[in-house]
Amino acid sequence: MKKLFLAILFLIGLILHGQDFYPPVLNYSVKDYGTDRNPENYAVIQDYRGVMYFGNAHGILEFDGENWNYITVRIGEFVRSLAVDKNGTIFAGTFGDFGLLKANRKGQLEYQSLLNLLPEEDQFFGNIWRIYTIDEYVYFQAQECFYLYNTKTKAIRTIYPESSYHLSFLVGDQFYLRERGVGLVRFNPAMEIPAPVIGTDPFKEYGVFGMHHLADDSLLIITQEIGIFKWKNNAIRAIPDKNNRGLNQLGIFGSLALYDGTYLLTTRTEGAVSMNSNGEILKQIDRSTGLLSNTIHAAFQDRDLNVWLAMGNGISKVNYHSPMSYFNEKSGIEGGVSAIKRFKGKLFVGSAYGLFVQSSNVNKNKRFHNLDVVNGQVWDIKIYNNTLYIASG
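This report concerns the structure included in the present document.

Describing the nonpolar core
No. 1: By size, the foremost hydrophobic cluster in this structure holds 39 residues, and its most contacted members are Tyr-139, Phe-146, Phe-187, Met-211, Leu-220, Ile-221 and Met-275.
No. 2: Once residues within four sequence positions are removed from consideration, Tyr-139 is found in contact with Arg-130, Ile-131, Tyr-132, Ile-134, Phe-146, Tyr-147, Leu-148, Leu-170, Phe-175, Phe-187, Asn-188 and Pro-189.
No. 3: Counting 17 residues, the second largest nonpolar core, distinct from the first, contains Leu-114, Phe-125, Ile-128 and Cys-145.

Structure representation (structure tokens):
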């Protein structure tokens, strides 16, 4: 028994300290929104009523918290982008088409294309990757060009790049795009053509997947391959990556500014990862914390501060700011839990398979692992004189 106590105390000293982050997660799959629908979702937004919308194959999923509805957009294509304007109008983009949702005589939303407002020579483009709304304007961004739609006049301007556009971002009232071979360019409706952003040469060759305004009026620029940068007054500097596992290893797809001042990175294979403005990884949400998929195509924080994830398989609603954590077998716990105790900042769990304790991974999530100091059932865990006692049989 003495050896058991010593072994436990020794192992406690080896365990790294970190935050517990296993928020409640509610998953939705094709079993919920329709077995005839595609499991993959590419976009997510919320309207002023609180209804959620998701870009799916051929159309849009509509969810009011209880019931699912489906709105056909274009057969054979995914809806890659969604946005809602100040009047509550929802805009959608897919391959070779973009438009809006409009209520029919029965009050049901239907898709209405805006291609008829374009001359024929401007109707040839691939996917609409991003949509942004500001005042009476709507930006629809494709690789071949972007379109500026005036909701008052119903006129559309088409702006072509020198090469091709990658992704785009709306920061304040400025529309930024990463143009291949050029770097970043900016645009607003008063301009004839986009203007190059001085000092952004690193992005001639490397993609930008996030841009955010910081408190000091600088821009935070997030890339997939070369880390994060800070741009201000026509000068740019790299922010040192001090994480155990570099940001450039995450496969970043996009980013979302959260209400708490942090940033959520959506990734190709690592789930969703939050960081602060210095690039320090804070939390990670992935399959081990309850998601259905580690491929996150888009994220949205709703008016109740829940984070919705449109994923390679299904949809997840994450109660991101919940004070509660939820642990299950995906967290590394085996068997039914019979005892729980927090000791020296670590959570110990007893089950029919022994004694489990949390340990931090490189992204500061904590998974449980078996200490292998108890064979069989753990019935109780007690603390006495700064020592952890285990009752087993």
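Once the structure has been displayed, the description carries forward.
Some remarks on the sheet that holds strand 2 (residues 43-46)
No. 1: If you trace the four strands from one edge of the open sheet to the other, you get 2-3-4-5, paired in antiparallel fashion. Either end of the sheet is taken by a strand with one partner, and the two such strands are strand 2 and strand 5 (68-72). On average, each strand axis in the sheet is inclined to that of its neighbour by 20°, with strand direction left out of account.

Thoughts on the packing of aromatic side chains
No. 1: Counted under the stated rule, the structure contains 25 aromatic pairs.
No. 2: For the ring pair Phe-91 and Tyr-149, a centre distance of 6.4 Å and an interplane angle of 70° mean the geometry is edge-to-face. Of this pair, Phe-91 sits in strand 7 (residues 90-94) while Tyr-149 sits in strand 12 (residues 146-150), and the two are 58 residues apart along the sequence. Across this residue pair, the class does not change: Phe-91 and Tyr-149 are buried.
No. 3: Through pairs of rings, three or more aromatic residues link up here, namely Tyr-28, Tyr-33, Phe-54, Phe-63, Trp-68 and Trp-308.
No. 4: The lysine or arginine in question, Arg-80, covers the ring of Tyr-42, its NZ or CZ lying 4.2 Å from the ring centre.
No. 5: Above the face of the Tyr-320 ring, Lys-283 is positioned so that its terminal group lies 5.0 Å from the ring centre.

Some remarks on the pattern of salt bridges
No. 1: Tallying each qualifying case throughout the model produces seven salt bridges.
No. 2: Note that Asp-36 and Arg-37 form a salt bridge whose closest N and O atoms lie 3.9 Å from each other.
No. 3: Assessed through its relative accessible area of 24%, Arg-37 is described here as partly exposed.
No. 4: As a salt-bridge pair, Asp-380 and Lys-382 come within 3.8 Å of each other at their nearest N and O atoms.
No. 5: In this structure Asp-380 comes out as partly exposed when scored by relative accessible area, which is 31%.
No. 6: On the accessibility criterion, Lys-382 (47% relative accessible area) is partly exposed.
No. 7: Residues joined by salt bridges that share partners form a network here, namely Asp-47, Arg-49 and Glu-62.

What counts and how
Here the residue numbering is sequential within each chain, running from 1 through the sequence in written order. Restriction of local features to residues with pLDDT of at least 70 applies here, the model being predicted, together with a cutoff of 80 or more for giving and counting side-chain atom pairs; totals for whole chains, interfaces and linings are based on all residues. Excluding hydrogens and water, the side-chain values take into account all heavy atoms of the structure. Here, the term nonpolar core denotes a set of buried Ala, Val, Leu, Ile, Met, Phe, Trp, Tyr and Cys residues that are joined through side-chain atoms within 4.5 Å. Residue burial is assigned from relative accessible area. The probe radius is 1.4 Å, only protein chains are included, and a residue is buried under 20% of its type maximum, exposed over 50%, and partly exposed in between. Contact definition: two residues touch when any of their heavy atoms are within 4.5 Å. When DSSP finds two or more bridges between a pair of strands, those strands are recorded as paired. Strands here mean DSSP runs of E at least two residues long; helices mean DSSP runs of H or I at least four residues long; both are numbered from the N terminus. Working convention: axes come from line fits to C-alpha atoms, limited for helices to the stretch in contact. Angles between N-to-C directions cover 0 to 180 degrees. Centres within 6.5 Å make a pair out of two Phe, Tyr or Trp rings, where for Trp the six-membered ring is used; the pair is then stacked when the planes are under 30 degrees apart, edge-to-face when over 60, and tilted otherwise. Whether a charge sits over a ring depends on NZ of Lys or CZ of Arg being within 6 Å of the ring centre and within 35 degrees of the ring normal. Should a side-chain nitrogen of Lys or Arg be within 4 Å of a carboxyl oxygen of Asp or Glu, the pair is scored as a salt bridge.

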